[in-house]
Amino acid sequence: MNDIFKHLQTPEVFKEGNVNYWTDSMFSDLILRAHLDQNHSGGSRNHEFMTRSVSFINDVAPSDRYNKLIDLGCGPGLYCEKLSEIGYDVTGVDISESSIEYAQNKAKQENLNITYKIESFLDLNESDKYDVALLIYYLYGSINSNGRKKLLERIFKSLKNGGILLLDVTSKVSFDNFKEEQTWSFSSKQGTLANNSYIGFRQALKYPDQITLEKTSLLFKDKDPITFNIWNKSFDKDELIKEAKDVGFNIKNLYSDVAGQELKEESEEIAILLEK
Ligand SMILES: C[S@@+](CC[C@H](N)C(=O)[O-])C[C@H]1O[C@@H](n2cnc3c(N)ncnc32)[C@H](O)[C@@H]1O
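Here is what the cut-offs are and how they apply
Residues numbered from 1 in each chain as written. Predicted model: local features only at pLDDT ≥ 70, side-chain atom pairs only at ≥ 80, totals over all residues. Helix = DSSP H or I, 4+ residues; strand = E, 2+ residues; numbered from the N terminus. Rg over C-alpha atoms; globule rule 2.2 N^0.38 Å. Buried ≥ 20, exposed ≤ 12 C-beta atoms within 10 Å, placed from the backbone. Contact = placed C-beta atoms within 7 Å. UniProt positions renumbered as here; feature names shortened; annotations may be inferred. Domains from an automatic or database assignment. Nonpolar A, V, L, I, M, F, W, Y, C, P; charged D, E, K, R; others polar. Near = placed C-beta within 6 Å. Pairing = 2+ DSSP bridges. Core = buried A, V, L, I, M, F, W, Y, C linked by C-beta atoms within 7 Å. Expected span 1.5 Å × (residues − 1). Arc of directions from axis to C-beta.

1. Section: the overall build of the protein
- The helix and strand tally for the protein stands at 8 helices and 11 strands.
- Taking 276 residues into account, the globule formula puts the C-alpha radius of gyration at 19 Å, and the protein, at 19 Å, falls close to it.
- Counting every position in the protein, which comprises 276 residues, the buried fraction comes to 35%.
- Long-range contacts, defined here as pairs at least 24 residues apart, represent 66% of the contacts in the protein between residues at least 6 apart.

Structural data, given as structure tokens:
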């Protein structure tokens, strides 16, 4: 019982829980279903948005001139497929084994020539290879400031001169709208998480520097409790620009999303287009 009290403590900023939500096998089915569910934007955004986003990518970095593309944190390959279909030579990288397995099978079925790798984008170690890099769906803000710097440096190195990076983050508006709360739920259903019933505790917390934590702890009857933490830093436009400039990127443009909508004061997201 004491253990669950430890799990419910407020952690240090950017500290991981005792399981990783993206890689733990307990969640892999759940995550895959969320990615593929058109009514659920938790894993990936819907097809309509992705189609507009891919068309925007092709406008700012046309596939005939910017052919070699890497999608960092590609999930089950929904972007990769669309990009491959319009002529990009696509590499998709993700830490989730089950997402990459799904993506590989799908590419085979559709006869698409996409390279998939099970790998952390934090370990990206290539030079002058890609024309375009994508880091989509708030992945940049999920990492602490040292990690973000290292990641941007690695992406910068992996790009050819003139190569493009597109990434998105949440804005201050999103941070201000984030509601702190603590809730609990009970699930007795078999077949949900590894066939266990559990009591779930969700804590949504705000930290300094526009950082939020969505923390979930699960208490099982006959297993140790688990906690996973989803961190997110929201950015002011100038802060994001500074981080990109610090590693040598040129700022091409800012948008309110990765489909190229105009950036407005009230935008909950900021997308940034960078050039090496
Ligand atoms: C919210 S989903 C977004 C998927 C995709 N980019 C999209 O927009 O549809 C986040 C993905 O990033 C992956 N991910 C998280 N951390 C990662 C890391 N360090 N390296 C590679 N992939 C990572 C997760 O496994 C998950 O598939």
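Here the narrative resumes, following the displayed structure.
2. Comments concerning helix α4 (residues 78–85)
- Burial within α4 is extensive, with 7 of its 8 residues counted as buried.
- Buried positions along α4 lie against α2 (25–36), α3 (47–60), β1 (68–72), β2 (89–94), α5 (97–109) and β4 (130–135).

3. Focus on the UniProt feature "domain: Methyltransferase" (unreviewed entry) in the protein
- Mapped onto the present numbering, the UniProt feature "domain: Methyltransferase" (unreviewed entry) falls on residues 70–163.
- Helix makes up 37% of residues 70–163 and strand 26%. Its end C-alpha atoms lie 11 Å apart.

4. Here we look at the domain arrangement of the protein
- Its domain assignment divides the protein into domain 1 (2–20 + 175–232) and domain 2 (27–170 + 234–275).
- The centre of domain 1, based on its C-alpha atoms, is set 27 Å off from the matching centre of domain 2.
- The interface is formed by 5 residues belonging to domain 1 together with 6 residues belonging to domain 2.
- Taken together, the residues of the side of domain 1 that touches domain 2 break down into 3 nonpolar, 2 polar and no charged.

5. Remarks on the site of the ligand
- Neighbouring the ligand are 19 residues; Trp22, Ser44, Gly73, Gly75 and Tyr137 lie closest to it.
- Of the residues belonging to the shell around the ligand, the class tally is 11 nonpolar, 7 polar and 1 charged.

6. Digging into the pairing of strand β8 (residues 211–220)
- The pairing of strand β7 (residues 198–207) with β8 spans 10 bridges and is classified as antiparallel. Across the sheet, Tyr198 pairs through a bridge with Phe220, a residue of β8.
- As consecutive antiparallel partners, β7 and β8 are separated by 3 residues, and within that stretch Asp209 has a phi angle of approximately 65°, a positive value.
- Bridge count for β8 against strand β9 (residues 226–235) is 8 bridges, and the pairing is antiparallel. Among the inter-strand pairings, Ile211 is bridged to a residue of β9, identified as Lys233.

7. Re the nonpolar core
- With 49 residues, the main nonpolar core has Tyr79, Ala133, Leu134, Leu135, Leu165, Leu166 and Ile272 as its most contacted residues.
- At 6 residues, strand β5 (residues 159–171) tops the list of elements feeding residues into this core.
- Each residue touching Leu134, except ones within four places of it in the same chain, is listed here: Asp71, Leu72, Tyr79 and Leu166.

8. Overview of the environment of Gln203
- By the secondary structure assignment, Gln203 is in strand β7.
- Considering only alpha carbons, one finds Gln203 and Ser217, 14 residues apart in sequence, at a separation of 8.5 Å.

9. Quick look at α5
- Taking 1.5 Å of rise per residue, 13 residues should cover 18 Å, and α5 covers 18 Å from first to last C-alpha, within 8% of that figure.
- All of the buried residues along α5 are Ser99, Ile100, Ala103 and Ala107. For α5, the buried positions fall inside an angular range of 95° around the axis, keeping them on one side. Opposite its buried face, α5 presents the exposed residues Asn105, Lys108 and Gln109, each directed more than 90 degrees away.
- Directly beyond the C-terminal end of α5, a positive phi value near 60° is found at Asn111.

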